[in-house]
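Chains, contacts and geometry: an overview
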Amino acid sequence: YPVTVDPTFCRFAVGGTQASQPGDGVVCYRSAAPENGSITDVSMFADFGASGNNNAAGGIYNDNTSPVLLFNQGSEVTYTSSTGTWATSTISTTFPQITTGTFFNICFLWDGAIDLYRDAIDVDASVSSTSIYPTWPDPLGTTETTNSYSIYATYTVAAAHTDTQFLINSQTIINSQVVAP
């Protein structure tokens, strides 16, 4: 079967509409984790060089808590590109563990003016909030939108645990332990 190296979830596609944002803010894309694993970084497609300091960082909120609390955040990145590009913020501390079917908000926080890329969809897939960079809102604001921002998380798949069982000289051995004579 095919193996995906560096799998992602959320919105990997680049949106067809540019949306200018005049100052600091946070946008998120809400999605269920496709499988168990650990998030390693968060990426967003935008024009980061519009003006301002052009700093940004990725973050993750657990959407299964009420209120929605900050789960982990990534490294700060500085950008100067005035054309659309993917910005990646690495999760350098303890990698957040994700569980199949659990909903998360994969977010980007920035300062200065920025042009975001998005598409409009029929469901509330995104959350936006105001915040003064570099402070993450915690809990996350509840302004839901039908904008589908170009944000995704890269993760490492959790190793599948399988018991190894042998029958040697009439003894059952599971994971190097004798369990039956």
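Predicted model, so just to flag it, every value in this text is computed and none were measured. (Residues numbered from 1 in each chain as written. Predicted model: local features only at pLDDT ≥ 70, side-chain atom pairs only at ≥ 80, totals over all residues. Heavy atoms only, no water.)

1. Concerning the overall build of the chain
Within the chain one finds zero helices and 17 strands. Within the chain, buried positions represent 45% of all 181 residues. Entry remark: accessible area of the chain is about 9,400 Å², with carbon and sulfur atoms responsible for 51%. (Helix = DSSP H or I, 4+ residues; strand = E, 2+ residues; numbered from the N terminus. Buried < 20%, exposed > 50% of the residue type's maximum accessible area, 1.4 Å probe, protein only. Areas by Shrake-Rupley, 256 points an atom, 1.4 Å probe, with all protein chains shown as cover.)

2. Concerning the packing of aromatic side chains
Applying the stated criterion across every chain yields a total of six aromatic pairs. Taking the centre distance of 5.9 Å and the plane angle of 70° together, the rings of Phe9 and Tyr155 count as edge-to-face. Taken together, the residues span a long stretch of sequence, with Phe9 in strand 1 (residues 8–10) and Tyr155 in strand 14 (residues 151–157) at a distance of 146 residues. Residues Phe9 and Tyr155 agree in their burial class; the two are buried. In textbook terms, an aromatic cluster arises when at least three aromatic residues are bridged by ring pairs, as seen for Phe45, Trp86, Tyr117 and Tyr152. One residue, Arg30, lies across the ring of Phe103, its end atom 4.1 Å from the ring centre. (Phe/Tyr/Trp six-rings, centres within 6.5 Å; stacked < 30°, edge-to-face > 60°. Lys NZ or Arg CZ within 6 Å of the ring centre and 35° of its normal.)

3. Overview of the nonpolar core
Judged by nonpolar contacts, the single largest core of 27 residues is most densely connected at Ile39, Met44, Phe48, Ile106, Leu116 and Ile151. Secondary-structure elements contributing two or more residues to this core are strand 3 (25–32), strand 4 (37–47), strand 5 (55–62), strand 9 (103–110), strand 10 (114–120) and strand 14. Beyond its immediate chain neighbours, meaning those up to four positions away, Ile151 contacts Cys10, Arg11, Val27, Cys28, Tyr29, Val42, Ser43, Met44, Ile106, Cys107 and Phe108. Among the nonpolar cores identified, the runner-up in size contains 11 residues, and Cys28, Val68, Leu109 and Trp136 belong to it. (Core = buried A, V, L, I, M, F, W, Y, C linked by side-chain atoms within 4.5 Å. Contact = heavy atoms within 4.5 Å.)

4. A short note on the side chain of Asn105
By the secondary structure assignment, Asn105 is in strand 9. Looking at Asn105, its side chain comes within polar contact range of the side chain of Asp63, at 2.9 Å. What Asn105 contacts, discounting residues up to four positions off in sequence, is Cys28, Tyr29, Arg30, Gly59, Ile60, Tyr61, Asp63, Val68, Val127 and Leu140. (Polar contact = N/O pair within 3.5 Å; in protein donor to acceptor, adjacent residues only side chain to side chain.)

5. Regarding unusual backbone geometry
In this structure, Pro67 follows Ser66 across a cis peptide bond, with omega equal to 0°. In this fold, Pro67 is placed in the loop between strand 5 and strand 6 (69–78). Put simply, Tyr133 and Pro134 share a cis peptide bond, and its omega is 10°. Structurally, the position occupied by Pro134 is in the loop between strand 11 (126–129) and strand 12 (143–145).

6. Notes on the state of the cysteines
With the rule as written, the count across this model stands at one disulfide. Each sulfur in the disulfide pair Cys28 and Cys107 lies 2.1 Å from the other. Judged by the sign of its S-S torsion, about 105°, the cystine formed by Cys28 and Cys107 is right-handed. One end of the pair, Cys28, is in strand 3; the other, Cys107, is in strand 9, and 79 residues separate them in sequence. A relative accessible area of 0% places Cys107 in the buried class. (Disulfide = S-S within 2.5 Å.)

None of the figures reported here should be taken as evidence of function without further support.
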